[in-house]
Structure formats: C-alpha cells, structure tokens
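In case you want the letters, here they are:
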Number of protein chains: 2
Amino acid sequence: MKIQISVCQMNVSHDKKINLAKSKDFITNAAAAGSQIAVLPEMFNCPYESSFFEKFAEEFPGPTTDFISSLAKDLSIYIIGGSIPEKENGKIYNTSYTFNPEGLLIGKHRKIHLFDVDISGGIKFKESDTLSHGDKVTVFETKYCKIGVAICYDMRFGELIRKMTLLGAKIIAIPAAFNMTTGPAHWHLLARTRALDNQVYFIAASPARNEKDIYISYGHSMVVDPWGKIIAEKDEKEGLLCCEIDLAYIEQIRNQLPLLKHRRDEIYKPENP
Amino acid sequence: MKIQISVCQMNVSHDKKINLAKSKDFITNAAAAGSQIAVLPEMFNCPYESSFFEKFAEEFPGPTTDFISSLAKDLSIYIIGGSIPEKENGKIYNTSYTFNPEGLLIGKHRKIHLFDVDISGGIKFKESDTLSHGDKVTVFETKYCKIGVAICYDMRFGELIRKMTLLGAKIIAIPAAFNMTTGPAHWHLLARTRALDNQVYFIAASPARNEKDIYISYGHSMVVDPWGKIIAEKDEKEGLLCCEIDLAYIEQIRNQLPLLKHRRDEIYKPENP
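As a starting point, this report considers the structure included with it. Since the structure is predicted, the reported quantities are computational estimates derived from the model, not experimental observations. (Residues numbered from 1 in each chain as written. Chains lettered and ligands numbered in written order. Predicted model: local features only at pLDDT ≥ 70, side-chain atom pairs only at ≥ 80, totals over all residues. Heavy atoms only, no water.)

Least-squares fitting of chain A to chain B yields an RMSD of 0.0 Å, with the superposition described by an axial translation of 0.0 Å and a rotation of 180°. Expressed as an axis order, the relation between the two copies is that of a two-fold axis. In this assembly the copies share their binding face: 100% of the residues contributing to the interface of chain A also contribute to that of chain B. (Least-squares fit on C-alpha atoms with pLDDT ≥ 70 in both. Contact = heavy atoms within 4.5 Å.)

A few words on the interface of chain A and chain B. Contact residues are listed per partner, giving 45 residues for chain A and 45 residues for chain B. Approximately 4,100 Å² of surface area, both sides summed, lies buried where chain A meets chain B, with 57% of it carried by carbon and sulfur atoms. The partner of R194(A) in a salt bridge is D197(B), and the shortest N-O contact between them spans 2.9 Å. On inspection of chain A and its partner chain B, the count reaches 31 residue pairs in polar contact (both at pLDDT 80 or more). For the side of chain A that touches chain B, the elements supplying multiple residues, two or more each, are β7 (116-118), α4 (158-166), α5 (182-198), α7 (259-262) and α8 (265-268) of chain A. (Buried area = accessible area lost by both parts, 1.4 Å probe. Salt bridge = Lys/Arg side-chain N within 4 Å of Asp/Glu carboxyl O. Polar contact = N/O pair within 3.5 Å; in protein donor to acceptor, adjacent residues only side chain to side chain. Helix = DSSP H or I, 4+ residues; strand = E, 2+ residues; numbered from the N terminus.)

It is possible for side chains of opposite charge to pair when their charged atoms get near one another. Considering all chains together, one arrives at 36 salt bridges over all chains under this definition. K111(A) serves as the salt-bridge partner of E127(A), at 2.9 Å between the closest nitrogen and oxygen. Here K111(A) lies in the loop between β6 (105-110) and β7 and E127(A) lies in the loop between β8 (124-126) and β9 (139-141), a separation of 16 residues in the sequence. Among the residues examined, E127(A) registers a relative accessible area of 0% and is labelled buried. Note on K111(A): relative accessible area 1%, which makes it buried. Between E58(B) and K16(B) there is a salt bridge, with its nearest N and O atoms 2.6 Å apart. One end of the pair, E58(B), is in the loop between α2 (50-56) and α3 (63-75); the other, K16(B), is in helix α1 (residues 16-32), and 42 residues separate them in sequence. Since its relative accessible area comes to 22%, K16(B) is described here as partly exposed. The network of salt bridges with common partners includes E86(A), E88(A), K108(A) and R110(A). (Buried < 20%, exposed > 50% of the residue type's maximum accessible area, 1.4 Å probe, protein only.)

On the secondary structure map, Y268(B) appears in helix α8 (residues 265-268). Residue class for Y268(B) comes out buried when judged on its relative accessible area of 10%. Contacts of Y268(B), omitting those with residues within four sequence positions, involve H113(A), F157(A), E159(A), L160(A), K163(A) and R263(B). Engagement of the side chain of Y268(B) in a polar contact is seen with the side chain of H113(A), the distance being 2.6 Å.

All names here are of chain B. Running from N to C, α1 and α3 point in directions that differ by 20°, and their axes come no closer than 11 Å. Comparing their axes, α3 and α1 come out roughly parallel. Of the two elements, α1 crosses α3, and the hand of that crossing is right-handed. Every residue of α3 that contacts α1 at K16, L20, S23, K24, I27, T28 and A31 is listed here: T64, F67, I68, L71 and L75. Residues that form the contact of α1 with α3 fall into these classes: seven nonpolar, three polar and two charged. (Axes fitted to C-alpha atoms, helices over the stretch in contact; angles between N-to-C directions. Parallel < 35°, antiparallel > 145°, perpendicular 65-115°, else oblique. Left-handed = near helix turned anticlockwise from the far one by under 90°. Nonpolar A, V, L, I, M, F, W, Y, C, P; charged D, E, K, R; others polar.)

Cis geometry marks the peptide bond from F60(A) to P61(A); its omega dihedral reads -5°. Checked against the element boundaries, P61(A) lands in the loop between α2 (50-56) and α3 (63-75). Even without being glycine, Q199(A) reaches a positive phi, approximately 55°. Structurally, Q199(A) can be placed in the loop between α5 and β12 (201-205). Q199(A) sits in the buried class, given a relative accessible area of 0%. Positive phi, normally seen in glycine, also occurs at S76(B), with a value near 55°. By the element assignment, S76(B) lies in the loop between α3 and β3 (78-80).

Residue and element names in this part refer to chain B. Relative to strand β10 (residues 146-149), strand β9 (residues 139-141) runs antiparallel, the two being bridged by three bridges. Bridge pairing in β10 places V139 opposite G148. Hairpin geometry of β9 and β10 is characterised by an intervening segment of four residues between the two adjacent antiparallel strands. Across four bridges, the pairing between β10 and strand β11 (residues 169-175) is parallel. Considered in β11, the bridge of V149 is made with A173. A crossover connection joins β10 to the parallel β11 through helix α4 (residues 158-166); in handedness this β-α-β unit is right-handed. (Pairing = 2+ DSSP bridges. Right-handed = clockwise from strand over helix to strand, strands pointing away.)

What follows covers α3(B). Residues and elements named next belong to chain B. A rise of 1.5 Å per residue sets the reference length of α3, with its 13 residues, at 18 Å; its end C-alpha atoms lie 18 Å apart and thus fit the reference within 8%. When α3 is considered as a whole, its buried residues turn out to be T64, T65, I68, S69, L71 and A72. Taken around the axis of α3, the buried residues stretch over an arc of 160°, which confines them to a single face. Relative to its buried face, α3 has exposed residues pointing more than 90 degrees away, namely P63, K73 and D74. Here the buried face of α3 lies against α1, β3, β4 (84-88) and β5 (91-99). Backbone geometry just downstream of α3 places S76 in the positive-phi region, at approximately 55°. (Expected span 1.5 Å × (residues − 1). Arc of directions from axis to C-beta.)

Here it is as structure tokens:
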C-alpha cells in the first residue's frame, strides 16, 4: 500500500498564535497535496529554549491540542503533532500528540531521554533543568499500519527504536530539532541507520533553520526507506516535504535481508555472558 | 593513552600457505610501523565461499592458530586474527582468535549471526548451509583496554555491539567481508553508527577487493572514532591501514554527550509496555 507523507519544516517564532497559524497553513497544504499523514517538528508551538517551556506549556486538552485535533478532523488527515511543552501536576514534559482523521487522540509520547549535553566548542543544553521525562514507548494503530513516535534525542537510543519495531511499528516518526553541532555530524547517519537496522520507514521532522535563534535548528527533514536510503530530504529552509512511501517494500526488504528474524535475543540479555 | 592499530587489508587466495605467508608480511609491516595491535580480515586463510569452508577448516590448536600465535610472540604484538573456518565435533564455525604479545590466546569469537540473505538483483549467500553459529559475546582484557570482537554480519545487530560496550569494550574490532551489494549501501553507515552509538573506537577489517572472486569483497577497511568520524580508511586495494587512536578521547566524548549514562534500561525491557 502506497501512502503520502508530508513533513512540515516550519519556522517557529516567539508568538504561539503565529506558530499555530503557520502549522495550519502547512497541514492544509499537505492535505491539498494528497497526503494522508502530516508530521510537525519538535516544539512547533514554542521556541526551543528552556526559558520558554513553562510560559508556553499547556495541560491536555488545551488550546494547541484542540487546534490540531480540529485541523485533523476538518482536513481528514492524520497529524503527528510534533511536540509541545505539556504541563501536568506541576511538571513539564516535551510531548507529542497524534490525532486521527476523526480528530481523536490516538498517540501521546513524552520524550523519554532528556537532552543534557555539553559539547566542547559546540552545543550546551540541559533539558532536565526545566523538563521531566516520560516513561512509555509509543506505538499506535492507524488504518495503514502501526506507527511509532519518539522525540529528537530519543532517536540516539537504538534500544528504544528497536522496541518500537518489535511492537510492530512500520513507520517511525521523530519530531526533532538537532542543532548546528550534532546536525552536520550525526543527523543523516542516525536516521539512516535506524531505518536500516529496523527495516522501517523513518521520518525525521525538523523546524527550519533560523540563524537568529539562540538554539539554531539544523533543518534537513527527511524520509528514509527500510534499506537505509534517503528518499526525500529538505535543505535548511522553511517548506513542505512530500513523499510517497510503499508499505509493501518493508516486507520485501525484510524477506531479502531477514535482520529481525536473525536476531538472537537470548544472547543479548545481560545474564548471558 | 595513544596506541597504533594496523588493519591488514589483504587479498585472500585459494592457497592456504600463500594466505598465511601474506598475513605474516602484513603483520610484520604493522609491527615495523610501530603498531601495538594488528587486525586481519574475515576468512583470511580461506576463500569466502561455502564450498571451501570444510576443506580449509582446522581444529584448535591447528596450523593457522599456531602460526598466528608464534607471530604475535615473535613480533610482540596483539593480533586479532580475522577469522578462519574452525572444526569441532563435526561442526564448522566462522571463528576469530586473538593472541597477545606473549603468543597466548586471549579471545575466541564464533560468529553469532549467520549470513543468510537473498537480495533481489544483488548478493545471495547462505552461511548456515555449511556453518554453525556461536553463542557467546566476546570481550577480553588487553594491557590497553578491553576489546570486543565480532564478525561481519554480527555488526548488523546493534544489541550485540551495545552489550559488548556494556561489558566494557572500548575498542570493537570486526573482521568482515561485506560485498558489492551491501558494502556500498551499508558499510560506512553501520561502522560509523556503531562507533557513535557506543562511543567506542570501531575497527572494520575487510579483505581487499578481487573482481575475479565469486564472492567479491568490498574493501574499505576503516577505523571510526567515538564521535562517529572515520579517522582512517583504505580504498578497495590491498594494503596496510595504520592509524593512531587516543583512548582518552573516549572519556571526553562520553562526558560531553553522555549517551551511555542516559540509557533507560528498564524502559527497553519487553515487559514494560
């Protein structure tokens, strides 16, 4: 089965209303182009800076999730809603909500691995100063196949992506905002290997690059096929990335190179020396 | 601590004696260049074709392992002895032996994942027709650090490389023989991501390419640093690849980007939904 995916590589401003209006434009264009699934980037309604997370945070349901839910229903499209700061019981999470074409919430992922890094001569960021981490792996049914969602730094942990695959995900979507240190060094590499190792379609959705931001996103949203080949990629600029994927190709690759069948789980366990 | 590694990208002929003599030349040159560790490729004493495995197979100890052991002692060098067909109790394994500078066996790895693939328009191979698989993860002490060894197709399984890392390996060496289908598509990608994900030095050692072979090896032996950067790479031709690595850099990278510390093991377990 062939379906079309759109990745919304949008600029994110300091004004939430502008961000929502922009996401509406992008998703409207995605639907008009014939896409069945639209993917927004990480923190699409809020600048990716620690000082903004609390100010922009919403409980669920809230204005942003209501907005995305309505949009999904009006346009009859699946929306993997990037991520937004979510508030609950005094804690803030980096959370992704997915709505189906009826406007119903079908997936919710709280970023599991928080981005606390300090790279010499490069990026320094400490999400755990302001954010709390999620504890659940996120895979849900759609009318096409199971889809898994995780957020940005989560994709560095092969164990998580593998578990999503073993739970049946055939498409794995990662709203993300790599930066100008980790982007050039690792973005393509990780997206390609996760797709290849797990023989899934891997969608990496970034905001557009804005050189004036404090945290500068790398851009280069992309879709990678189960052979590890990039089949669609944006540059760093704002724009919609549309791409057709063929779910039957997953089974072809899994038959030809039966990686998942060849796994030897008992050997990987810590108790086996 | 800085040490020098040599990867012996040698041609493998149909004559075992020629192969052993060639490996001696390569390792002698590695020692003369000042290397503390020399790495041979997969099936360095035997053509990589199923019909040869039984004919070339040896029990341990045997002529090939005795030869490599003596060489290690004479040259006072660690030798990660690629792999050879090993015979035991009527079974044949694809086995790697590592000897220390005293000529003692310190590591033995039997290939865990057998290469049974049938890629449309590309390579077809079925190791399990002639070979049996190993069941053990291989990490051993050296005077520099712990080293892990696995063989070729084993490197496609991130779980195995992760386990070697958690067992303390700082250098992971993979005698391998990717081919003209999987080499161009996946060789660099996998070597770089395994190094990056696990923040280790990753050594991928291939035979040289010989267009006349039935199974044509890809070549491109390489050494990748813990940031996922290729720091030394051969082309497809026969030759020695020498490269200095800095073990202190591993800790630098692990401090700056604490991937191993950020793992959330309890979430990856199958029983956690």
